[in-house]
Amino acid sequence: MEIRSVSNHFKLWSELELHEFQDRFLIRSIQSPDQGFSIDRSDGIIEELSGITCPCNPYKISTIYGVAGTVRLLAGTHVLVITSRKEVGTYLGFPVFRVMSMKFLSCNKAARFLTNQEKRDEAYFMNLLKIVESTPGLYYSYETDITLNLQRRFKLAEGWMSKPMWKQGDPRFVWNRNILEELIENKMADAVSNCFEEIRYSSGTDGSFIRGSIPLLWEQIVDLSYKPRLNIIHHEQTPKVVERHFHDLFQRYGETVAVDLTDKHGDEGMLNMAYAAEMQKLPNVRYVSFDFHQCCGNSNFDGIQLLYNQISEDFEKQGYFLLDAEGQIIAEQKGIIRSNCIDCLDRTNVTQSYLARKSLNSQLQRVGALSSDECISNFGEDFEIFKTLWVEQGDEISVEYAGTHALKRDLVRYGKQTVTGLIQDGMSAISRYYLNNFLDGDRQAS
């Protein structure tokens, strides 16, 4: 399909018509009906709309809101389309949508030629596709890339925004990058709405943090216990793996402070010690071990101030990205806080929300929205919005990774644990136990 350029930036078609025929699916733009493509239902071959002829009367016509990609299985190709969406906000003035539902269009009429074993395999793979259809927390925009932070975005070469969306995005954060390949090869990817696992919200200022697993070789063995045992895999390549990881972070973000929130006893303690030992070999990376459960136990959210006292000098020196009213860069972020616990969900989200509050106070004071002795917590309505944003972000990531809401949500919202929060955490913990032990294998495979 042709690239549409609006005000020197690329824009995807926001609505598509899906025509279903007995022998093929036809997908075309509502705004430009002559642009689109068809997919043969027997072999999955993709053809440009201008080069095909179809019967005049499809047996079904529906509206879809993007094509996320294709998956080829034993019996044919399956096309993933967005069937409903919800506008949830804007980024730099461009609408951002959340995927509400998706479905696969199956082009697998060759299934009748499969052997019995291949049919069983195909049924298993189809079950995995149904899990993919229900993937939560996917966001996209038709008019702008949402995978780049504001600082990196403003340093892109002129004309970058006129490129197709799949070329603009950071492939590390494009959820459907691998399943776009066939559409890209057939030069149909300009019709695709890219989906992303998480979005970054910025409005003239941008302060970024990252979360990531402990970069050692380790595993958890699922054995029906509430807390699966941790096993460290000793390998001669471990030092190189750790060094390469932090070198990549330095190249992308600048100086890194690695904050390890794991316990210093038990299985976590062994992993904590192994991580600390490897970090001693990296003189250019500061490693800070902070036993979150020990320091912030019994709902003592104020204990996190102990961590901030250790890293505040580096954190403030790293700064944030800032633009003036004319769009000129007046400050840049020069480093990153990389935080982890075991699953990088609950403890990590509480910690990052605290650092985000510190960063936001600094930014608002710098632009004159707050005086030097004021902070966001002095303004009840605005502070509630900030806390809700971090609670919901924690939930989004947790649901996607673990299948439940985040734990310790009350620490972010109220600064303390409540009875209701304890009950909710207990229910979520039970759900996680069931999901991890009985359903996680298929979720990971999908």
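Reading the values: rules and limits
- Residues numbered from 1 in each chain as written.
- Predicted model: local features only at pLDDT ≥ 70, side-chain atom pairs only at ≥ 80, totals over all residues.
- Heavy atoms only, no water.
- Phe/Tyr/Trp six-rings, centres within 6.5 Å; stacked < 30°, edge-to-face > 60°.
- Buried < 20%, exposed > 50% of the residue type's maximum accessible area, 1.4 Å probe, protein only.
- Lys NZ or Arg CZ within 6 Å of the ring centre and 35° of its normal.
- Axes fitted to C-alpha atoms, helices over the stretch in contact; angles between N-to-C directions.
- Helix = DSSP H or I, 4+ residues; strand = E, 2+ residues; numbered from the N terminus.
- Parallel < 35°, antiparallel > 145°, perpendicular 65-115°, else oblique.
- Contact = heavy atoms within 4.5 Å.
- Nonpolar A, V, L, I, M, F, W, Y, C, P; charged D, E, K, R; others polar.
- Polar contact = N/O pair within 3.5 Å; in protein donor to acceptor, adjacent residues only side chain to side chain.
- Pairing = 2+ DSSP bridges.
- Salt bridge = Lys/Arg side-chain N within 4 Å of Asp/Glu carboxyl O.

Visitor: Could you give an account of the packing of aromatic side chains, naming the residues involved and the relevant values?
Guide: Enumeration according to the criterion identifies 10 aromatic pairs in this entry. Ring plane angle 55 degrees and centroid distance 5.9 Å describe the contact between Tyr124 and Phe125, whose orientation is recorded as tilted. Residue Tyr124 is classed as partly exposed on the basis of its relative accessible area, which comes to 37%. What makes Phe125 partly exposed here is its relative accessible area of 30%. An aromatic cluster is defined as three or more aromatic residues linked by ring pairs; in this entry it consists of Phe209, Tyr308, Phe315 and Tyr354. Arg85 extends its terminal NZ or CZ atom over the ring of Phe97, reaching a point 4.8 Å from the ring centre. It is Lys358 that lies over the ring of Tyr308; its NZ or CZ is 4.8 Å from the centre.

Visitor: Which residues make up the packing of helix 5 (residues 238-253) against helix 6 (residues 266-279), and what are the values?
Guide: Where helix 5 contacts helix 6, the two axes come as close as 10 Å, and the packing angle between them is 70 degrees. With respect to their mutual orientation, helix 5 and helix 6 come out roughly perpendicular. For the pair helix 5 and helix 6, contact is made by Thr238, Pro239, Val242 and Phe246 and by Tyr275, Glu278 and Met279, respectively. Considering only residue class, the contact of helix 5 with helix 6 consists of five nonpolar, one polar and one charged.

Visitor: Account for unusual backbone geometry, naming residues and giving values.
Guide: Positive phi is not limited to glycine here, since Leu92 has a value of about 55 degrees. Tracing the sequence through the fold places Leu92 in the loop between strand 9 (76-91) and strand 10 (94-107). Of note in the backbone geometry, Cys344 takes a positive phi value of approximately 60 degrees without being a glycine. Looking at the element boundaries, Cys344 is found in the loop between strand 20 (335-340) and helix 9 (346-366). A relative accessible area of 7% places Cys344 in the buried class.

Visitor: I'd like to hear about the side chain of Asp170, residue by residue, with values.
Guide: Its place among the elements puts Asp170 in the loop between helix 3 (165-168) and helix 4 (181-185). The buried category is assigned to Asp170, whose relative accessible area is 4%. Among the polar contacts made by the side chain of Asp170, one reaches the side chain of Arg152 at a distance of 2.7 Å.

Visitor: Break down the sheet that holds strand 11 (residues 139-140) for me, with residues and values.
Guide: Pairing is antiparallel in the open sheet, where four strands are placed in the order 8-9-10-11. At either end of the open sheet lies a strand with only one pairing partner, and these are strand 8 (67-73) and strand 11. Sheet topology note: the strand 10/strand 11 ladder contains two bridges and is antiparallel. From the neighbouring strand, Phe97 faces strand 11, where its bridge partner is Tyr140.

Visitor: Can you explain the pattern of salt bridges? Please cite residues and give values.
Guide: Close approach of charged atoms allows side chains of opposite charge to pair. A complete count under the given rule lists 17 salt bridges for this structure. Close ionic contact of Glu181 with Arg177 constitutes a salt bridge, the shortest N to O distance being 2.9 Å. Residue Glu181 is classed as partly exposed on the basis of its relative accessible area, which comes to 34%. One salt bridge in this structure joins Asp248 and Arg252, with 3.1 Å as the shortest N-O distance. A residue pair is termed a helical-turn pair when its members lie 3 or 4 positions apart in one helix, as Asp248 and Arg252 do in helix 5 at four residues. According to the relative accessible area criterion, Asp248 is partly exposed, its value standing at 31%. Through salt bridges that share partners, Asp23, Arg24 and Glu47 make up one connected network.

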